[in-house]
Protein chains: 2
Amino acid sequence: MNTAGVLSSPARRQALAERYEAPELPPLDPELLHLLDLPADLPDELSIAEVASVTGLTAHTLRYYERIGLVEVARDANGYRLYDREALARVVFVTRLRLSDMPITTVSHYIDLVNQGPQTEPERLAVMQEHRAMIQRRISEMTAALALTEYKITTYGGTCAP
Amino acid sequence: MNTAGVLSSPARRQALAERYEAPELPPLDPELLHLLDLPADLPDELSIAEVASVTGLTAHTLRYYERIGLVEVARDANGYRLYDREALARVVFVTRLRLSDMPITTVSHYIDLVNQGPQTEPERLAVMQEHRAMIQRRISEMTAALALTEYKITTYGGTCAP
DNA sequence: ACTTGCGTTAGAGCGCACTCTAACCCGTAG
DNA sequence: CTACGGGTTAGAGTGCGCTCTAACGCAAGT
């Protein structure tokens, strides 16, 4: 069994950090895409700092997600959080939904549905279908905005006219 | 010269609304895309309610944009706002940048640069180039999220695993 | 023994972008 | 005359999603 000491050993954290640490670019959003291919050879149980490293979220945010019921996390003998594979998977899943601007209330609702069992599958499907529509709308807005921006760039300088 | 009475005549507002009114769908975002092809035959001066109709913003938001210096708007004899073509163009421009998630501070900075004259063109270009990069990042995030969502939809129900 | 560094909690605070309120003004319709 | 439907202002309030603070616990190093 892991103790808090082992989990937070500098060597281990170092190793994790070297392999998986989020590039600490500008704020939170940008390169979080690296989440989309998390390696499969992570330890079975991670400390909060390690999950933070791997996901790019802060420990504060991870605690917040647990507080509002997005994920359940086990504790060790000292009361420290131990993220197992399932908990990590949840966090990653939530992060991906958040990255596509799904409101936290909706994420929360979806997770409640999953927790309620398989009879909620039709509703989950509906949630995802609605979310897909939203993403598609957002992508076309962004594409239009990209066109405007390209136009401003190629015409240089540019005014405030649309 | 237009009086407030004429500007806010129900008939005129009705006519504008019929032709241009924003579809009042869910919240603000969704179909604001119709902004991307504003008709060219609008009156020369619009009241705040008319600009609200045409752009889909609320009058509150339009006043807010003026307050924080995103646009200057003339007044009639009664102190009512009169949006001329230039003011409308600004509002539309700001709205498009906002739709692509440019923070208001950045919009504001860009507009300050425009107001400062042509010698700021290089910096404006830089702002737009950075914005383009952000949009591209956002589009690829959304595309990845779309793929995840499609996957969840096709595999039906779905768990919270990533 | 004490400092360092990680963790814990409850709860307060913050930044953003609106959004709304209260009190008031003006012109037309009934 | 008065009610109504527009407009005005300064300034307060809201909802979201974190983000931080304060006070504390444990254990390993010097």
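Residues numbered from 1 in each chain as written. Chains lettered and ligands numbered in written order. Predicted model: local features only at pLDDT ≥ 70, side-chain atom pairs only at ≥ 80, totals over all residues.

S.K.: Please provide a residue-by-residue account of the overall build of chain A, values included.
M.R.: Broken down by element type, chain A carries seven helices and two strands. Reading the secondary structure of chain A in the N-to-C direction produces α-α-α-α-β-β-α-α-α. For chain A, restricting intrachain contacts to residue pairs at least 6 apart in sequence, the fraction spanning at least 24 positions comes to 57%. (Helix = DSSP H or I, 4+ residues; strand = E, 2+ residues; numbered from the N terminus. Contact = placed C-beta atoms within 7 Å.)

S.K.: Tell me about helix α5 (residues 85–99) of chain A, and name the residues and values.
M.R.: Helix length check: α5 of chain A (15 residues) gives 21 Å between terminal C-alpha atoms against 21 Å at 1.5 Å per residue, within 8%. With twelve of 15 residues buried, α5 of chain A is to be regarded as a mostly interior element. Listed as buried for α5 of chain A are Ala 87, Leu 88, Arg 90, Val 91, Val 92, Phe 93, Val 94, Thr 95, Arg 96, Leu 97, Arg 98 and Leu 99 of chain A. Residues of α5 of chain A that are buried sit in contact with α3 (48–55), α4 (59–67) and α6 (104–116) of chain A together with α7 (121–154) of chain B. (Expected span 1.5 Å × (residues − 1). Buried ≥ 20, exposed ≤ 12 C-beta atoms within 10 Å, placed from the backbone.)

S.K.: How would you summarise the interface of chain A and chain B if you had to cite specific residues and measurements?
M.R.: Contact with chain A, which involves 44 residues of that partner, is made by 44 residues of chain B. Among the residues forming the side of chain A that touches chain B, the class breakdown is 24 nonpolar, ten polar and ten charged. (Nonpolar A, V, L, I, M, F, W, Y, C, P; charged D, E, K, R; others polar.)

S.K.: Would you mind going over the packing of α6 of chain A against helix α7 (residues 121–154) of chain A in detail, with residue names and values included?
M.R.: Residue and element names in this part refer to chain A. For the pair α6 and α7, the least separation of the axes is 9 Å and the interaxial angle reads 155 degrees. Classified by the angle their axes make, α6 and α7 are roughly antiparallel. The hand of the α6/α7 crossing is left-handed. Seen from α6, the contacting residues are Thr 106, His 109, Tyr 110, Leu 113 and Val 114; seen from α7, they are Glu 123, Arg 124 and Val 127. Partitioning the contact of α6 with α7 into residue classes produces four nonpolar, two polar and two charged. (Axes fitted to C-alpha atoms, helices over the stretch in contact; angles between N-to-C directions. Parallel < 35°, antiparallel > 145°, perpendicular 65-115°, else oblique. Left-handed = near helix turned anticlockwise from the far one by under 90°.)

S.K.: Explain the relation of the copies chain A and chain B residue by residue, including any values.
M.R.: Taken as rigid bodies, chain A and chain B are interconverted by a rotation of 180 degrees and an axial shift of 0.0 Å, the fit giving an RMSD of 0.1 Å. Both copies of the chain, as the preceding transformation shows, are related through a two-fold rotation axis. In terms of C-alpha distance to the rotation axis, chain A has Ile 139 of chain A as its closest residue, with the C-alpha 3.1 Å off the axis. Residue by residue, 100% of the interface of chain A is reproduced at the interface of chain B, so both copies engage with the same surface. (Least-squares fit on C-alpha atoms with pLDDT ≥ 70 in both.)

S.K.: Tell me what's going on with the protein's contact with DNA strand C, and back it up with residues and numbers.
M.R.: The environment of DNA strand C is made up of 21 residues, and the closest members are Ala 49 and Arg 81 of chain A together with Tyr 64, Pro 103 and Ile 104 of chain B. Considering each element in turn, the surface near DNA strand C owes the most residues, three residues, to helix α4 (residues 59–67) of chain B. (Near = placed C-beta within 6 Å.)

S.K.: Pulling in residues and values, what's your account of unusual backbone geometry?
M.R.: Even without being a glycine, Asp 101 of chain A presents a positive backbone phi close to 65 degrees. Within the fold, Asp 101 of chain A resides in the loop between α5 and α6.

S.K.: How would you summarise the confidence of the model for chain A if you had to cite specific residues and measurements?
M.R.: For chain A, mean pLDDT is 80; residues scoring 70 or higher make up 72% of the total. Confidence, read as mean pLDDT per element, is least for helix α1 (residues 4–7) of chain A in chain A (37) and greatest for α4 of chain A (98). (pLDDT = per-residue confidence, 0-100.)

S.K.: Help me get a handle on the environment of Arg 81 of chain A, residues and values and all.
M.R.: Residue and element names in this part refer to chain A. If you trace the backbone, Arg 81 turns up in strand β2 (residues 81–82). Taking the C-beta count within 10 Å as the criterion, Arg 81 has 21 such neighbours and is therefore assigned buried. In this structure, the C-alpha to C-alpha distance between Arg 81 and Thr 55, residues 26 residues apart in sequence, is 16 Å.

S.K.: Lay out the nonpolar core in plain terms, naming residues and giving numbers.
M.R.: Judged by nonpolar contacts, the single largest core of 25 residues is most densely connected at Val 51, Val 71, Leu 88, Val 91 and Val 94 of chain B. Of all the secondary-structure elements, those providing two or more residues to this core are α3 (48–55), α4, α5 (85–99), α6 (104–116) and α7 of chain B. Top contributing element to this core by residue count: α5 of chain B, with seven residues. Each residue touching Val 71 of chain B, except ones within four places of it in the same chain, is listed here: Tyr 65, Glu 66, Ala 87, Arg 90, Val 91 and Val 94 of chain B. Among the nonpolar cores identified, the runner-up in size contains 24 residues, and Ala 87, Phe 93, Val 107 and Tyr 110 of chain A belong to it. (Core = buried A, V, L, I, M, F, W, Y, C linked by C-beta atoms within 7 Å.)

S.K.: Account for the environment of Glu 123 of chain B, with residues named and values stated.
M.R.: Positionally, Glu 123 of chain B belongs in helix α7. Along the backbone, Glu 123 of chain B and Leu 97 of chain B are 26 residues apart, and their C-alpha atoms lie at a distance of 17 Å.

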